[in-house]
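A structural walkthrough
Here is what each chain is made of, one letter per residue.
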Amino acid sequence: MSLAFPILNRAMGGIGPTPSWGEVIGELWPIISAPLSSVGERLLLDVIHHNGGLRLTDTDELPHSLSPDEMLKSLAVQGLARWTRLTYLTELRRLELTTASSALQDVIRAVIQTAMAARPEAVEADAISEEESEVEEADDGLMWSVTTLPIPKPAPKLANRRLVTRPIERFGNLTLISGKRARRSRRKEEFEFAG
Amino acid sequence: MSPATSPGPPPAPFQVERVHFDFPGGRAIHLGDPASNQLVGAGPEWVRGTRNELAAYVRGNRPNLRVVFRGKPAANGKYTIGADGTPFQVEERDVSLAFDPITELSGSEVFEARGNLPDVIGVHPAKLDWYVREHPPPAHCPPAGTSTHRLATSWRALATAPAGEAALPNWVYKSLMEWTCQWAAGQNNERAICDAIFNGLPSSGLQYGVRAHTIRDLLLNQGGMCQAWYETFQQMAQCQGVFVYRRRFLVDWRVVAGGDEHWCAIVVRNGGLNQTSPTHPATTFHDHNGEFPIPAGTTVPLTTITEPRYRFWGLPGYLNDGHCINFLDHEGKVYLYDACFIIGPVVINSPIPANNLAVPQGGAALAPFKTAYLDDAIDYMLGTVRNGAAILRSVPTSQNGMTVRTANIPQTIAGADGLTFRWGG
């Protein structure tokens with residue numbers, strides 16, 4: 001767990017004063033309401049892998065419809081799916097299978113379903129649609145500012161994204177997409193769906 | 001006249017030591033113990049002088065029971081054993097008993113009840129006077145000890161979940177079985193049973209607003225939050241063979257025309273079950289008790305008050321918190337039970353909301369639910385709302401914007417749904 005998030009660190013068993021649920025949300029919200037930094041992404045993975053309850057003060061408000069640890073996992077799942085789409089599908093599926101909470105399972109299913117629905121499909125047999133990364137980054141700004149917790153735009157919808165249709169060319173055994181340089185590595189989600 | 005209770009012969013050379021109802025091959029309903037987190041029937045429910053736990057059956061069932069006797073090896077031999085008692089007797093059976101020289105315990109023997117349990121929901125004290133048959137009736141028999149029990153009889157076998165609903169365990173917590181058999185004693189249909197259970201909740205002493213989110217924690221902590229409560233009420237009904245649906249309605253934080261946010265949190269002033277006031281700390285609210293929406297350019301007076309209230313926060317663009325309730329589908333009607341705030345049964349003239357977190361439901365689809373339940377149960381919806389030139393902004397967990405009377409929120413506002421929720425199971 002990164003020391004960059006001291007409140008979450010303490011809630012998840014680190015040393016220091018016991019935080020309140022409000023403090024936990026106050027630290028989490030800026031992380032998940034904007035494009036994830038690498039440490040933010042790591043944090044959310046740590047959250048969904050965390051075993052056991054959270055250490056929280058009893059006198060403050062608590063969530064009603066999920067336990068605090070389930071709620072934190074729910075938000076981490078949603079944050080990961082919002083900003084990395086299906087990159088961590090394996091982790092999400094694993095949490096869906098291992099959690100005892102049917103309510104959390106419902107959230108994970110809804111998140112995966114939404115992310116799946118937002119995946120661009122091949123528009124024709126010999127073409128591929130890609131999201132323009134520049135568009136995604138430019139679209140991820142905050143909608144407005146608030147006193148303490150920034151509120152983001154809703155997750156980009158398929159209709160709002162610029163989809164670019166590129167013809168596929170073949171060269172020997174290689175398949176090339178016109179106008180794109182080869183990437184050095186594939187994202188994890190591509191491994192998930194390969195084959 | 002009972003052959004075992006009449007004066008006469010000396011006692012048998014052994015005594016009943018253990019009686020086990022929920023043994024493998026038994027007909028008892030599996031009960032769980034919240035303290036040990038084990039099945040009550042993992043061991044005998046009755047052990048002479050040390051243990052006497054509840055056992056449960058479907059009403060009218062005929063129990064079988066596994067029994068261990070204590071005696072000296074000198075008493076090893078063949079016997080005909082039975083038991084007289086109430087509310088059932090035990091059929092006589094020929095057994096060969098061999099007592100362990102160290103523990104003095106026999107092997108276990110399975111006996112059948114002679115007769116059925118009462119054919120009603122209830123909790124029944126049971127007393128079995130064990131005896132050894134030495135001569136044909138009506139001769140007196142040597143007594144072999146007395147065991148006493150508490151037997152619950154449920155309406156039907158444990159309910160199972162229909163397709164699409166979260167599966168239910170094949171066991172229930174013993175206290176829920178005992179309470180529901182007491183509260184619903186004599187009832188004989190799903191609606192009456194649910195009502196009786198619901199009306200019995202306050203007498204349990206359990207509370208709302210206590211930090212617990214599972215049934216077990218609720219029982220150990222003497223109360224829980226709404227997640228624990230809708231699971232507990234579902235299991236209470238399950239004890240009697242009645243399935244009630246669990247539904248959560250989550251705050252759907254939307255940005256609407258003009259930058260207002262409808263809505264950011266559910267706000268409740270009621271302390272809930274066995275609470276005089278909400279257990280959450282006081283915060284400052286700005287209540288709008290008048291007409292809504294506020295006409296553009298108009299400033300309305302607000303009531304500012306600092307008091308404890310429950311806030312069920314949403315988060316913009318995220319599925320976050322909400323309230324949890326139960327539904328019963330009975331004879332074509334839908335009944336809502338809110339165990340947290342003891343509101344119900346409320347007839348809802350619409351289908352049970354689908355478990356679909358991906359799509360918000362509101363407007364006309366929500367209208368019967370809003371009219372019949374929400375307007376009374378949920379005092380306010382917290383939003384970011386413009387009041388004249390000022391905007392009262394809500395910030396999750398830290399700042400209350402404007403609290404608008406739920407009953408005053410119309411079905412549509414500027415062509416959009418006035419109130420929407422995300423429904424989950």
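Residues numbered from 1 in each chain as written. Chains lettered and ligands numbered in written order. Predicted model: local features only at pLDDT ≥ 70, side-chain atom pairs only at ≥ 80, totals over all residues. Heavy atoms only, no water.

A count of helical and extended segments in chain A gives eight helices and five strands. Each of the 195 residues in chain A was classed as buried or not, and the buried ones make up 49%. Pairs at least 24 residues apart make up 66% of the contacts formed inside chain A by residues separated by at least 6 positions. For chain A, the exposed surface amounts to about 10300 Å²; the carbon and sulfur share of it is 53%. (Helix = DSSP H or I, 4+ residues; strand = E, 2+ residues; numbered from the N terminus. Buried < 20%, exposed > 50% of the residue type's maximum accessible area, 1.4 Å probe, protein only. Contact = heavy atoms within 4.5 Å. Areas by Shrake-Rupley, 256 points an atom, 1.4 Å probe, with all protein chains shown as cover.)

A word on the overall build of chain B. Assigned secondary structure in chain B consists of five helices and 31 strands. Against the globule reference of 22 Å for 425 residues, chain B gives a C-alpha radius of gyration of 29 Å, more extended than a compact globule. Reported as C-alpha extents along the three principal axes, the dimensions of chain B are approximately 100 × 40 × 35 Å. A burial count over chain B gives 57% of its 425 residues as buried. Intrachain contacts of chain B at a sequence separation of at least 6 include 70% that bridge at least 24 residues. In the structure as shown, chain B presents an accessible area of about 16000 Å², 51% of it carried by carbon and sulfur atoms. (Rg over C-alpha atoms; globule rule 2.2 N^0.38 Å.)

Our next topic: the interface of chain A and chain B. The parts lose accessible area when they come together, and the size of an interface is often stated as this lost area. Taken together, the contact pairs 41 residues of chain A with 40 residues of chain B. Carbon and sulfur atoms make up 56% of the area that chain A and chain B hide from each other, which totals about 3200 Å². On the surface where chain A and chain B come into contact, there are two salt bridges. Of the charged contacts in the structure, one is a salt bridge between R211(B) and D58(A), with a shortest N-O distance of 3.1 Å. Where chain A meets chain B, there are 21 residue pairs in polar contact (both at pLDDT 80 or more). (Buried area = accessible area lost by both parts, 1.4 Å probe. Salt bridge = Lys/Arg side-chain N within 4 Å of Asp/Glu carboxyl O. Polar contact = N/O pair within 3.5 Å; in protein donor to acceptor, adjacent residues only side chain to side chain.)

As a further point, take the sheet that holds strand β2 (residues 31-33) of chain B. Residue and element names in this part refer to chain B. Strand order in the open sheet formed by three strands is β3-β2-β13, and the pairing between neighbours is mixed. The strands lining the two open edges of the sheet, one partner per strand, are β3 (38-39) and β13 (172-173). Summarising the sheet, β2 and β3 pair through two bridges and their orientation is antiparallel. Residue D33 lies in a different strand from β3, and its bridge partner there is Q38. (Pairing = 2+ DSSP bridges.)

It is worth spelling out the packing of helix α2 (residues 190-200) of chain B against helix α4 (residues 226-239) of chain B at this point. Residue and element names in this part refer to chain B. Where α2 meets α4, the closest approach of the two axes is 10 Å, and the angle between their N-to-C directions is 130 degrees. For the element pair α2 / α4, the angle class is oblique. Once α2 is placed against α4, the crossing between them reads as right-handed. Only F233, M236 and A237 of α4 make contact with α2, whose side of the interface consists of C194, I197 and F198. In terms of residue class, the contact of α2 with α4 is built from six nonpolar, no polar and no charged. (Axes fitted to C-alpha atoms, helices over the stretch in contact; angles between N-to-C directions. Parallel < 35°, antiparallel > 145°, perpendicular 65-115°, else oblique. Left-handed = near helix turned anticlockwise from the far one by under 90°. Nonpolar A, V, L, I, M, F, W, Y, C, P; charged D, E, K, R; others polar.)

A few words now on the nonpolar core. What tends to happen in soluble globular proteins is that the nonpolar side chains get buried as a cluster. Formed by 133 residues in total, the largest nonpolar core has its most connected members in M177(B), F369(B) and Y373(B). M177(B) has contacts with I29(B), L31(B), L54(B), A56(B), A152(B), S154(B), L158(B), V172(B), C239(B) and Q240(B), leaving out every residue within four places of it along the chain. (Core = buried A, V, L, I, M, F, W, Y, C linked by side-chain atoms within 4.5 Å.)

Residue and element names in this part refer to chain B. Segmenting chain B into domains produces domain 1 (14-154), domain 2 (172-245) and domain 3 (248-424). Taken over C-alpha atoms, the centre of domain 2 sits 26 Å from the centre of domain 3. If you look at the interface, domain 2 gives 25 residues, while domain 3 gives 30 residues. Summed over both sides, the interface of domain 2 with domain 3 buries roughly 2300 Å², with 66% coming from carbon and sulfur. On the domain 2 side of the contact with domain 3, F198, Y208 and Y245 bury the most area, a combined 34% of that side's loss. Applying the counting rule to domain 2 against domain 3 returns zero salt bridges. (Domains from an automatic or database assignment.)

Residue and element names in this part refer to chain B. With antiparallel pairing, six strands are arranged side by side in an open sheet as β24-β23-β22-β16-β31-β25. On the outer flanks of this sheet lie β24 (343-348) and β25 (356-362), each paired with one strand and no other. Averaged over all adjacent pairs, the angle separating strand axes in this sheet is 35 degrees, with direction ignored. The pairing of strand β23 (residues 333-338) with β24 spans four bridges and is antiparallel. Looking at β24, one finds that Y335 is bridged to V347. Packed on one face of the sheet, α4 meets β16 (245-251), β22 (322-330) and β23 and runs near 15 degrees to β22.

Residues and elements named next belong to chain B. Counting buried residues along strand β18 (residues 261-268), eight of its eight residues qualify, which places the element largely inside the surrounding structure. Where strand β17 (residues 254-255) meets β18, two bridges bridge the pair, whose relative direction is antiparallel. Directly across from V255, in β18, lies its bridge partner E261. The antiparallel pairing of β17 with β18 creates a hairpin that spans five residues between the two strands, and G258 there sits at a positive phi of about 85 degrees. In this sheet, strand β26 (residues 380-387) lies alongside β18 in antiparallel orientation, the contact comprising four bridges.

Before going further, it helps to spend a moment on the packing of aromatic side chains. Residues and elements named next belong to chain B. Per the stated rule, a full pass over the model turns up 25 aromatic pairs over all chains. For the ring pair W263 and F292, a centre distance of 5.4 Å and an interplane angle of 50 degrees mean the geometry is tilted. Taken together, the positions of W263 in strand β18 and F292 in the loop between β19 (282-288) and β20 (303-308) put the pair 29 residues apart, joining distant regions of the chain. Aromatic pair Y310 and F341: ring centres 6.1 Å apart, planes at 55 degrees, arrangement tilted. Of this pair, Y310 sits in strand β21 (residues 310-313) while F341 sits in the loop between β23 and β24, placing them 31 residues apart in sequence. Looking at F341, the relative accessible area reads 4%, which means it is buried. (Phe/Tyr/Trp six-rings, centres within 6.5 Å; stacked < 30°, edge-to-face > 60°.)

Further remarks concern the state of the cysteines. Throughout this description, disulfide means a covalent bond between two cysteine sulfur atoms. All names here are of chain B. In this structure the tally under the stated criterion is zero disulfides over all chains. Free of any disulfide, C194 has its nearest cysteine sulfur in C239, 11 Å distant. Summary of cysteine pairing: C239 is not part of a disulfide, and the nearest cysteine sulfur, belonging to C181, is at 7.1 Å. (Disulfide = S-S within 2.5 Å.)

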